[in-house]
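Given next are the chains, with one letter for each unit.
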Amino acid sequence: MTKGNGKSKDDPNATLKQDGSNRDFSINAMYLPVNDISHKSVIDYFGGKNDIAARQILTVGPAKKKFTESPIRIMRAFSLASRLNYTIANHTRSGITECVKLLNNVSGEAIRMELEEILLSKKPSTYLKIMQRLGVIRVILPELQRCVKCRQEKNFHKYDVFHHLIYACDNAEPDIIMRLAALLHDIGKPASKKIIDGRVTFHKHEVLGAKEAAVLLKRLRFDNDTITKVTHLIRMHMYHYTREYSDAGVRRFIENAGIREDDLGKIEDFPLFKLRQADRAGNGYRKQPITDRQRDFEKRIVDVYKSSNGFTIKDLDINGDILIRVFNLKPGKQIGEILNHLLGVIMEHPELNEERSLMNAALTFILEKKKEEMEES
């Protein structure tokens with residue numbers, strides 16, 4: 001139980017000053033008499049009014065003592081500052097530096113709750129930079145810490161990976177899925193970095209980054225739906241469109257990205273495209289978050305979707321039961337393989353999405369698989 005001036009936090013006989021000494025920060029250790037609610041009647045033993053005027057977060061009493069008693073207060077300092085657009089007082093910063101390793105003993109869920117407040121604030125980069133300088137990022141987000149001073153090609157990026165990520169986070173809409181995706185979309189770059197012919201490359205960093213993000217988000221006890229959506233955005237964010245794309249290529253992208261009919265009315269607001277805008281806005285050079293080529297791509301997606309017959313297995317004019325009955329097959333992995341093959345067929349040739357054509361394609365696939373198995377044996 002937390003103590004303050006010899007009185008416990010829950011002691012009903014504690015004085016206001018003793019109660020206030022157990023508060024985290026001076027700005028939440030002030031009181032008003034119930035019968036005299038005016039600014040002149042504020043009871044302030046710890047300088048809260050001065051800290052409000054200075055717009056700063058200062059602990060009640062020695063910062064090291066406060067953070068040692070309850071290390072989660074370190075995160076609360078940043079979440080409170082970010083909500084109010086306050087700074088962290090120097091005394092508080094010193095205590096954070098001394099006690100930052102104690103965050104290793106705090107539950108992932110508790111850290112997540114405060115981190116969400118920071119990420120959903122007006123300008124998260126302001127506080128993420130301070131957190132990095134004071135060692136907090138190194139403890140709670142080591143995957144992000146590795147991005148500090150990870151150099152990128154100057155022709156395309158003004159900042160190192162860390163600063164690019166936090167500025168992309170600023171430019172993402174204040175939704176936790178989008179802010180997390182923006183903050184983590186390039187965390188696979190340090191591990192995938194190579195110098196080839198004098199140029200910096202990050203081949204397949206989106207695949208590695210999605211895996212690292214999954215580990216990070218699970219550690220912080222994010223729910224499975226959030227993890228799935230964020231990692232999907234990270235895995236897909238390096239899409240590259242040219243005007244030479246075939247309709248089949250656009251259809252494959254629609255399927256892989258998870259675009260559905262409901263998205264067509266406002267395709268520019270599709271999460272993956274919003275992430276691309278935040279990514280561009282956070283690189284320090286590109287003033288226009290949306291290119292003409294991106295607008296062309298979005299129009300192609302709408303046109304191709306509307307002219308096509310199907311994009312998912314459930315849209316096939318055939319199903320697993322029919323395959324089992326016609327070809328005398330058993331339920332299992334083989335049925336899934338056939339249906340996925342047929343989906344690929346209609347991606348290339350939408351006009352073949354009718355039962356007779358699909359049955360012929362399925363028969364060809366089955367016979368080819370048997371031939372391959374015989375040759376291998």
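Let us look at the overall build of the chain. Along the backbone of the chain there are 20 helices and eight strands. Against the 2.2 N^0.38 benchmark of 21 Å for 377 residues, the chain shows a C-alpha radius of gyration of 28 Å, more extended than a compact globule. When the backbone C-alpha atoms are referred to their principal axes, the chain occupies close to 85 × 50 × 45 Å. Counting every position in the chain, which comprises 377 residues, the buried fraction comes to 47%.

What follows is about helix α11 (residues 176-184). Buried residues dominate α11, accounting for nine of its nine residues. Those residues of α11 lying buried are Ile176, Ile177, Met178, Arg179, Leu180, Ala181, Ala182, Leu183 and Leu184. Capping the start of α11, Asp175 holds a side-chain oxygen 3.0 Å from the backbone nitrogen of Ile177, two or three residues further along.

Attention now moves to the packing of helix α4 (residues 72-84) against helix α6 (residues 108-119). When two helices pack together, their arrangement is given by the angle between the helix axes and the distance between those axes. Where α4 contacts α6, the two axes come as close as 8 Å, and the packing angle between them is 20°. The angle between α4 and α6 falls in the class roughly parallel. Considering only the axes of α4 and α6, their crossing is left-handed. Across the interface between the two elements, Ile72, Met75, Arg76, Phe78, Ser79, Ser82 and Arg83 of α4 pack against Ala110, Ile111, Glu114, Leu115, Glu117 and Ile118 of α6. For the contact of α4 with α6, the per-class residue count stands at seven nonpolar, two polar and four charged.

On average, residues of the chain score 91 in pLDDT, and 96% of them reach the 70 mark or higher. Low pLDDT (under 50) marks residues 1-6, which in the prediction has 19 contacts with non-local residues, meaning those over four places away or in another chain.

Another point: the pattern of salt bridges. Evaluation of the coordinates by the stated rule reveals 19 salt bridges. Across the pair Arg73 and Glu69 runs a salt bridge, and its minimum N-O distance is 3.0 Å. Given a relative accessible area of 5%, Arg73 falls into the buried group. Through salt bridges with shared partners, one network takes in Asp24, Lys65, Glu69, Arg73 and Arg76.

A few words now on the nonpolar core. Among soluble globular proteins, nonpolar side chains are generally buried collectively. Within the largest apolar cluster, 86 residues are counted, with the highest numbers of intra-cluster contacts made by Met75, Phe78, Val136, Phe253, Ile259 and Phe273. No other element matches α11, which puts eight residues into this core. Filtering out sequence-adjacent residues up to four positions away, Val136 remains in contact with Ile74, Met75, Phe78, Ile96, Val100, Leu103, Met131 and Leu141. Judged by nonpolar contacts, the second largest core, of 18 residues, contains Leu329, Leu342, Ile346 and Leu358.

Moving on to the environment of Leu343. By secondary structure assignment, the location of Leu343 is in helix α19 (residues 333-348). Classification of Leu343 by relative accessible area gives buried; the value is 8%.

It is worth spelling out the packing of aromatic side chains at this point. Inspection of the entire model under this criterion finds twelve aromatic pairs. Ring geometry for Tyr239 against Phe297: centres 5.9 Å apart, planes inclined by 40°, an arrangement best described as tilted. On the criterion of sequence distance, the pair formed by Tyr239 in the loop between α14 (224-236) and α15 (247-257) and Phe297 in helix α17 (residues 292-307) is long-range, its members being 58 residues apart. Residue Phe297 is classed as buried on the basis of its relative accessible area of 1%.

On the surface, a cluster of negative charge is contributed by Glu368, Glu372, Glu373, Glu375 and Glu376. Among the secondary structure elements, Glu372 is positioned in helix α20 (residues 355-376).

Turning to the side chain of Thr92, a few remarks are in order. Turning to its location among the elements, Thr92 is positioned in helix α5 (residues 90-99). Accessibility expressed as a relative area gives 0% for Thr92, which makes it buried. Not counting chain neighbours up to four residues away, the residues in contact with Thr92 comprise Ile57, Leu58, Thr59, Ala63 and Phe67.

Here the focus is the side chain of His185. By the element assignment, His185 lies in the loop between α11 and α12 (189-192). Among the residues examined, His185 registers a relative accessible area of 0% and is labelled buried. In terms of polar contacts, His185 uses its side chain to reach the backbone carbonyl oxygen of Ala182, at 2.7 Å. Here Asp279 takes part through its side chain, which lies 3.3 Å from a polar atom of the side chain of His185.

The rules behind these values
- Residues numbered from 1 in each chain as written.
- Predicted model: local features only at pLDDT ≥ 70, side-chain atom pairs only at ≥ 80, totals over all residues.
- Heavy atoms only, no water.
- Helix = DSSP H or I, 4+ residues; strand = E, 2+ residues; numbered from the N terminus.
- Rg over C-alpha atoms; globule rule 2.2 N^0.38 Å.
- Buried < 20%, exposed > 50% of the residue type's maximum accessible area, 1.4 Å probe, protein only.
- Polar contact = N/O pair within 3.5 Å; in protein donor to acceptor, adjacent residues only side chain to side chain.
- Axes fitted to C-alpha atoms, helices over the stretch in contact; angles between N-to-C directions.
- Parallel < 35°, antiparallel > 145°, perpendicular 65-115°, else oblique.
- Left-handed = near helix turned anticlockwise from the far one by under 90°.
- Contact = heavy atoms within 4.5 Å.
- Nonpolar A, V, L, I, M, F, W, Y, C, P; charged D, E, K, R; others polar.
- pLDDT = per-residue confidence, 0-100.
- Salt bridge = Lys/Arg side-chain N within 4 Å of Asp/Glu carboxyl O.
- Core = buried A, V, L, I, M, F, W, Y, C linked by side-chain atoms within 4.5 Å.
- Phe/Tyr/Trp six-rings, centres within 6.5 Å; stacked < 30°, edge-to-face > 60°.
- Patch = residues over 30% accessible without salt bridge, like charges linked within 9 Å, V, L, I, M, F, W, Y side chains within 5 Å.
- Areas by Shrake-Rupley, 256 points an atom, 1.4 Å probe, with all protein chains shown as cover.
- Lys, Arg positive; Asp, Glu negative; His and termini not counted.
- Charge placed at Lys NZ, Arg CZ, Asp CG, Glu CD.

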